[in-house]
Amino acid sequence: MASAFLAQRISAAYAELAQSRFGEAVRRLREIAADHPQSHEAQQACGAVLNRLGRADLAEPFLRAAHAIEPADAETKVTLGFALLAQQNYAEGWPLYEARYELGGAQRPKPTLPFPEWRGEPLEGRRLLIWPDEGIGDQIQFLRFALPLQADGADLAVCCSLPLQRLFAANLSAFVVALTVRVELPQPDCWTMSGFLPGRLGLTPQTAPAPPYLTATATRRVGGPRLGVMGRGNPQHLNDAHRSLWPEQAQRLLDVPGALDLHPDSTGAQDFADTAAIIAGLDLVISVDTSVAHLAAAMGKPTWILLPTIGLDWRWGLSGEQTAWYPAARLFRQPRINDWPGVVDAVIAALG
């Protein structure tokens, strides 16, 4: 438990952060962590802020210190897991990643099911129920890890969010059921979360089957749009204020000749099968870090993904234009915090 004085110092640092004085916030938090090396709160606060600012490498020592002080704390485990995964330390990162479901108020709690959880044992001749991870993009990303299980003889039942049902059913030789209010589940031998698959299988993006693993038949007419743009994600996402383009910057991309707004409000798509069919007829997809980016890249479509600095997701690493998750993707990173104009400038220049 932090002392009142320590809590006050941490609150003052977070106040600097709220005012976008990022350098001052980090300076204060580093000082606090140095002054209180045995304080879980001090080490956790510094590590969490550095990680949120896209510096998982600098955050790691503070988060390791916090974890050593309070190894059962779920928030520290999850944040450290994110920092390790961002640096491709999968062996340590995946088990900590699973602690997301120990946090209170999870978007989608870990289910209580009447059959055992799969821990990585052989599955030949057995049925495994794969329960969906929180986000649509997560479910698309982790689907690739189901493919080795099928190759090894497992009978899969895949539960997914309703907008993915038609797309997954068309691409998997498995029983696919949508997660709705009343779910009719098959009778599996065991179950797992989709996000647990790589850790349980001991696979990485480099060793798992590569995209494309989703396909669709194109619906684009001859002479139609060639470039798809997705400038915003789900407004309910905790980091949407930072990951979605400012409207005027999104419009700059939509003004490119041949550009099509891929948001369902514009295309009329009813689900991701519809969106996949539209994407199949395009030459390139440009998207912020949202489900459409995962969909296009999982289809093997050339995909340019626009990344924020604040709340940079672990799967895109810390630097560079490439990601092992999606070899067909190119990453465009903010050159400075909140610099979306700089990102769009780079994209337009790359379009030629």
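Shown above is the structure to which this text applies.
In total, this model carries 15 aromatic pairs according to the counting rule given. Relative to Phe-142, the ring of Trp-94 has its centre 6.2 Å away and its plane inclined at 70°; by these criteria the two rings are edge-to-face. Highlighted residues: Trp-94 in helix 6 (residues 90–97) and Phe-142 in helix 7 (residues 136–143), separated in sequence by 48 residues. By relative accessible area, which is 5% here, Trp-94 ends up buried. On the basis of relative accessibility, which here comes to 0%, the residue Phe-142 falls in the buried class. Put simply, the rings of Phe-82, Tyr-90, Trp-94, Tyr-97, Phe-142, Phe-145, Trp-314 and Trp-325 pair up and form one aromatic cluster. The aromatic ring of Tyr-97 is capped on one face by Arg-100, whose charged end is 3.8 Å from the ring centroid. Above the face of the Phe-145 ring, Arg-144 is positioned so that its terminal group lies 6.0 Å from the ring centre.

This next bit is on helix 16 (residues 340–351). Here helix 16 contains twelve residues, and its C-alpha end-to-end distance of 17 Å stays within 8% of the 16 Å for a straight helix at 1.5 Å per residue. Among all positions in helix 16, only Trp-340, Gly-342, Val-343, Val-344 and Val-347 are buried. Contacts made by the buried residues of helix 16 are with helix 11 (240–243), helix 12 (247–254), strand 7 (284–288), strand 8 (303–307) and strand 9 (329–333). Between a side-chain oxygen at the N-terminus of helix 16 and the backbone nitrogen of Gly-342 the separation is 2.8 Å; the capping residue is Asp-339.

A word on the environment of Pro-308. Within the element layout of this structure, Pro-308 appears in the loop between strand 8 and strand 9. Owing to a relative accessible area of 6%, Pro-308 belongs among the buried residues under this scheme. Taking C-alpha positions, Pro-308 is 9.2 Å from Val-343, a pair spaced 35 residues apart along the chain. When near neighbours in sequence (up to four residues on either side) are disregarded, Pro-308 contacts Asn-239, His-242, Arg-243, Gln-334 and Trp-340.

The rules behind the values
Residues numbered from 1 in each chain as written. Predicted model: local features only at pLDDT ≥ 70, side-chain atom pairs only at ≥ 80, totals over all residues. Heavy atoms only, no water. Phe/Tyr/Trp six-rings, centres within 6.5 Å; stacked < 30°, edge-to-face > 60°. Helix = DSSP H or I, 4+ residues; strand = E, 2+ residues; numbered from the N terminus. Buried < 20%, exposed > 50% of the residue type's maximum accessible area, 1.4 Å probe, protein only. Lys NZ or Arg CZ within 6 Å of the ring centre and 35° of its normal. Expected span 1.5 Å × (residues − 1). Contact = heavy atoms within 4.5 Å. Polar contact = N/O pair within 3.5 Å; in protein donor to acceptor, adjacent residues only side chain to side chain.

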